[in-house]
Each structure stands twice: as structure tokens, then as C-alpha cells.
Amino acid sequence: MDAAMLDCAIMAGGRDFEDTLQAIVAASAKCDAIVTRNVKDFAKIKSQNLTIPPVYEPSSFTIQL
């Protein structure tokens, strides 16, 4: 995480700054997925026109080897 990512999260607004920041960092790191128990808040982040990795609940996430 760097200052540019923090600025991006601030500019994005949103209800949950930490979730927005996590999404921005995950996208920047080219993560394949975000695994969280808080899927509904990440759906709100997607509606802010941010491109983020797919978001999964822990119970529905499986690793393909």
C-alpha cells in the first residue's frame, strides 16, 4: 500500500474506508480473489465503478490446484 492507494480510497468515498482500501490494494496487487465474511460491503464498492477481484465468502471459496 502506498500514498496513491490511500488517495484513491479517499476519493472513492464509500461507506467503509477499510473495505475500499482493501479492494484497491487487492486490485493493484493483481489478486485473484478477495475472501471475506463481509461480501455485501464489497458489492457496494463494485457499484462505485472500481474494478476489483471477485469476492467470495470463506465457505464458498476453494483453491484449484
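Presented here is a report on the structure given in the accompanying data block. Since we're looking at a predicted model, the values are computed, not measured. (Residues numbered from 1 in each chain as written. Predicted model: local features only at pLDDT ≥ 70, side-chain atom pairs only at ≥ 80, totals over all residues. Heavy atoms only, no water.)

Quick notes on the environment of Asp-19
Here is step 1 of the chain: Tracing the backbone through its elements, the reader meets Asp-19 in helix α2 (residues 17–28).
Here is step 2 of the chain: C-alpha separation for the pair Asp-19 and Lys-44, spaced 25 residues apart in sequence, amounts to 9.9 Å.
Here is step 3 of the chain: The residues touching Asp-19, leaving out its near neighbours within four places in the chain, are Asn-38, Asp-41, Phe-42 and Ile-45.
Here is step 4 of the chain: Here the side chain of Asp-19 touches Asn-38 through a polar contact of 2.9 Å, side chain to side chain. (Helix = DSSP H or I, 4+ residues; strand = E, 2+ residues; numbered from the N terminus. Contact = heavy atoms within 4.5 Å. Polar contact = N/O pair within 3.5 Å; in protein donor to acceptor, adjacent residues only side chain to side chain.)

So, the pattern of salt bridges
Here is step 1 of the chain: Using the criterion set out here, one finds one salt bridge in the structure.
Here is step 2 of the chain: Of the charged contacts, one joins Asp-41 and Lys-40 as a salt bridge, the two residues approaching to 3.9 Å between their closest N and O atoms. (Salt bridge = Lys/Arg side-chain N within 4 Å of Asp/Glu carboxyl O.)

Here's the deal with helix α1 (residues 3–12)
Here is step 1 of the chain: The opening residue of α1 is Asp-2, an N-cap whose side-chain oxygen sits 3.2 Å from the backbone nitrogen of Ala-4.
Here is step 2 of the chain: Just beyond α1, the residue with positive phi is Gly-13, at close to 70°.

All quantities given are derived from atomic positions and should not be read as evidence of function.
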